[in-house]
Structures are given as structure tokens and as C-alpha cells.
Amino acid sequence: MSLFSAVELAPRDPILGLNEAFNADARTTKVNLGVGVYTNEEGKIPLLRAVREAEKARVEAGLPRGYLPIEGIAAYDAAVQKLLLGNDSPLIAAGRVVTAQALGGTGALKIGADFLKRVNPNAKVAISDPSWENHRALFESAGFEVVAYPYYDAQTNGVNFEGMLSALDGYAAGTVVVLHACCHNPTGVDISDAQWKQVVEVVKARQLVPFLDIAYQGFGDDIEADAAAVRLFAASELNVFVSSSFSKSFSLYGERIGALSIITDSKDEAARVLSQLKRVIRTNYSNPPTHGGSVVAAVLTSPELRATWEQELGEMRDRIRAMRKGLVERLKAAGVNRDFSFVNAQRGMFSYSGLSAAQVDRLREEYGIYAVSTGRICVAALNTRNIDVVANAVANVLK
Ligand code: PMP
């Protein structure tokens, strides 16, 4: 008998399953609005100029590929801290911030979860309803019980902020609260700076543990403004976890470049926390890969490359905004009565469109337009070639 004879077939990942169906679809007019990837006007994942230049220099230098330190490249970790907390952060200056290069935002969340499990094994983890589909599974696989706090309000296409706040207010001390720092995935709906202040107050009053997930810095307003929530928490004198990712902002999805940063109370505490974090990393994958981290570090620390990157990131952001506007206008022009202007107020790559599962099914079956059954569409996959097709199809399924 095989060791695996009783192993059950695990369910397919819903979004990657959608991709497989999309790839198998023979229609030339098909559009994939399912997966969370930015594609440009040509429908391609861009290779940014800043990245290309940094990679060229790196290849030409012919560097050896020894092991990195367990926590990654020092220049990378330092650049991540500045991006998150600002160049003049007193916390950085005081040596109170620990940062480890991680395998994407996902890897950062996982090493954070594993470390938290050692620090406070009985804590619950609270995620938003809805949240990025991997949050629950990831924290559960680290051994936590995961609960959800109210977030999206389908009636208003906004946030049920009172519900969110009162749920946070009811959690036991030590509960880990996962918060999307900007460009909420999957809804595209963020809370305001004033609301963030209230969240910080409740988290502090209830002695909760904030775990900010920032996977889209630069896709909302700009790099600095999108870090506002992280900086509010940093200023609150709480111990804060931050998982960050360059997958989207550098268009380097497959290089797996992210970081976990933890704000501690003192330099001495930072050293102890880092030592434990290194144990977690060492027993998972030993140390991170060299290429992506060195490319990002090179771009962030070179004034010229950094300016190029910021410009390219701004172009991605502006293009997504233009697509939001274009979609809203086209739906109106196609005679759709429902007011879709909320799509313009959403931020980042995604939109909870308000389409039902049945309407999403019709889009796929009748028009070859693939979206997530929750109605989440990736606005960053729209371009001037496919937006008319999408708008007309959406208008038809709404009739
Ligand atoms: N957090 C959120 C909210 C995300 O949307 C994503 C990416 N889809 C991640 C984390 C993971 O990012 P990465 O691909 O860098 O692992």
C-alpha cells in the first residue's frame, strides 16, 4: 500500500483555477480580469526600465552568488525601512526596527506568523471580511485560529466602519489584527486617514497586535501617502508587524521580493527579536535569494534609477485610474442605469464591481471575460483594446 493512498485531492486555488480555464479558452476576444497582475497597454506584464538597468549592471559586474545573511541584504532591508517609515524616521535612527528580506509579501506574512506563534501561541488572528484569499489559510497553517472583522459594505460599496471598529473593540488583548495598509485586496476600498486614527486608538486601547500588510505601496496616491497607515501605527508606540512586497510595485512577481519589518521598543529588544526571526527563517529556507533583492536595493539607493522607478510606478498608477474612469464612462454610455462611480473612488488594482456570481458566470460563458465569482475584477488588466469589449459585456449582463 502506498503511503499516499489516503491522501485526498486538495481543492484547486480558485484564482489560479480561473487562469487555467482562461488559458484553455480559444476565443480571441477573451479577457482575464481574474488574476492580480498589472498588465500594460499591450496586455503584457512590463519589465520596468529601472529594473532592466539595474539587472544589466548586475550581470555585467559578474558577481559571485554566495549565501546572503539569513535576514537578507543589509542595503535592501535599510531601503525597505525608509520606504515604509520615511527617511527621517526616529525609530530607524534609534535602531528599533527589525527588517528581514522575505520571499514576497506571502513569505513575509509567513515568517511573521511563525514568529508570532512562538511569542503568543494562544492569540487569535483577525482578518478583514473579505480579505486576500491567502490570509486565512496562511495564519491557520501557522497554527492560529482566524476570525474576521466586518469590512466591506455591499450596500454602500464602502466600508462598514462602525462594524469594523466595534469588532476590534471586542477582541481580547493580544489578538493579531491584519490590516491592509492601502489598496485593499479584494475590494479596492480603503478607510480614510481620520478612520485610521480611530483604528490605531482602538488597537492601542485593547492591546491588540497590528500586522499591516502593504502589497501595493505606490498604487494608491503615491509612495509616501500610501504608507500613511504604517506611519500612524509607527508613531503610536505600539509593536507593529509590517509585511511588504515589491511584486507589484517593481513588476517582479516571480522574483519573490518582500520583507517583514517589526517595530520594537528598544535597540536591545530589536536585537533579540531579530535573533528569533533568524531562527524562523533558518529552519524554513535558510536565507533569501540574491537576484531580486539586489536589483531592488540598487534601484532604491541610486538617485537616477529611483527617479525612473517612481516615474514608472506613477505611470502604472495613472493608467489604472484612467481605466477606472473609462470603464465607468463606458458603462454609462452603454445605457447602464446603476451608478458605477464608486469604481473611481476605489484604489489599487482591484474593484469589487458589485456583479453577482451569476453575472460573473455569464461574462465568462458568453463573452470569455474572466472575473472572480465575488465580482472582483482586476482593473489593472484593462487596456484601451479590451475595455470596450468588457464594458459592453458588463452592460449586457446587467440588462
Ligand atoms: N498581501 C496582499 C494583500 C496581496 O494582495 C498579495 C498579492 N496578491 C500579497 C500579500 C502577496 O504578495 P507576494 O506576491 O509578494 O507574495
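All figures in this text were calculated on a predicted structure; none of them were measured in a lab. (Residues numbered from 1 in each chain as written. Predicted model: local features only at pLDDT ≥ 70, side-chain atom pairs only at ≥ 80, totals over all residues.)

Q: Tell me about the pairing of strand 7 (residues 176-180), and please be specific about residues and values.
A: With five of five residues buried, strand 7 lies mostly within the body of the structure. Residues Val176, Val178 and His180 of strand 7 are buried on one face, and the alternating residues Val177 and Leu179, pointing to the opposite face, are buried as well. As paired elements, strand 3 (residues 124-129) and strand 7 share two bridges and run parallel to each other. If you follow Ala126 over to strand 7, its bridge partner there is Val177. Examined bridge by bridge, strand 7 and strand 8 (residues 209-214) share five bridges and lie parallel to one another. Looking at the pairing, Leu179 lines up with Leu212 of strand 8. The parallel pair strand 7 and strand 8 is bridged by helix 8 (residues 193-205), and the resulting crossover is right-handed. (Buried ≥ 20, exposed ≤ 12 C-beta atoms within 10 Å, placed from the backbone. Helix = DSSP H or I, 4+ residues; strand = E, 2+ residues; numbered from the N terminus. Pairing = 2+ DSSP bridges. Right-handed = clockwise from strand over helix to strand, strands pointing away.)

Q: Lay out the domain arrangement of the protein with the relevant residues and their values.
A: Here the protein is partitioned into domain 1 (14-48 + 306-398) and domain 2 (67-301). Computed from C-alpha coordinates alone, the two centres of domain 1 and domain 2 are separated by 27 Å. The set of elements that each furnish at least two residues to the side of domain 1 that touches domain 2 consists of helix 1 (14-24), helix 13 (303-333) and strand 11 (350-352). Considering every element that reaches the side of domain 1 that touches domain 2, the biggest residue donor is helix 13, with six residues. The residue inventory of the side of domain 1 that touches domain 2, partitioned by class, reads 15 nonpolar, six polar and five charged. (Domains from an automatic or database assignment. Nonpolar A, V, L, I, M, F, W, Y, C, P; charged D, E, K, R; others polar.)

Q: With reference to specific residues and values, describe the nonpolar core.
A: Val177, Leu212, Val230, Val299 and Met349 are the most contacted members of the largest nonpolar core, which totals 119 residues. When residues are assigned to domains, this core turns out to be shared by domain 1 (14-48 + 306-398) and domain 2 (67-301), each giving three or more. Apart from residues no more than four positions distant in its own chain, Val299 is found in contact with Ala50, Val51, Ala54, Leu305, Arg306 and Trp309. (Core = buried A, V, L, I, M, F, W, Y, C linked by C-beta atoms within 7 Å. Contact = placed C-beta atoms within 7 Å.)

Q: Which residues make up the confidence of the model for the protein, and what values do they have?
A: Model confidence for the protein is summarised by a mean pLDDT of 97, while 100% of its residues fall at 70 or above. Overall fold confidence (pTM) sits at 0.97, and the ipTM for the predicted complex is 0.99. (pLDDT = per-residue confidence, 0-100.)

Q: Which residues make up the UniProt feature "domain: Aminotransferase class I/classII large" (unreviewed entry) in the protein, and what values go with them?
A: The feature "domain: Aminotransferase class I/classII large" (unreviewed entry), as given by UniProt, occupies residues 29-393 in the numbering adopted here. Measuring from the first to the last C-alpha atom of residues 29-393 gives 11 Å, for a span that is 47% helix and 15% strand. (UniProt positions renumbered as here; feature names shortened; annotations may be inferred.)

Q: A description of unusual backbone geometry should follow, citing residues and the corresponding values.
A: Between Asp129 and the following residue, Pro130, the backbone shows a cis peptide bond with an omega angle of 0°. Considering the arrangement of structural elements, one finds Pro130 in the loop between strand 3 and helix 6 (133-141). The omega angle of the peptide bond from Asn185 to Pro186 is 20°, so this bond is cis rather than trans. Considering the arrangement of structural elements, one finds Pro186 in the loop between strand 7 and helix 8. Within the chain, Gln207 stands out as a residue other than glycine whose phi angle is a positive 55°. The backbone of Ser251 shows a phi angle near 50°, a positive value even though the residue is not glycine. Its location among the elements puts Ser251 in the loop between strand 9 (241-245) and strand 10 (258-263). Using a count of 20 C-beta atoms within 10 Å as the deciding quantity, one classes Ser251 as buried.

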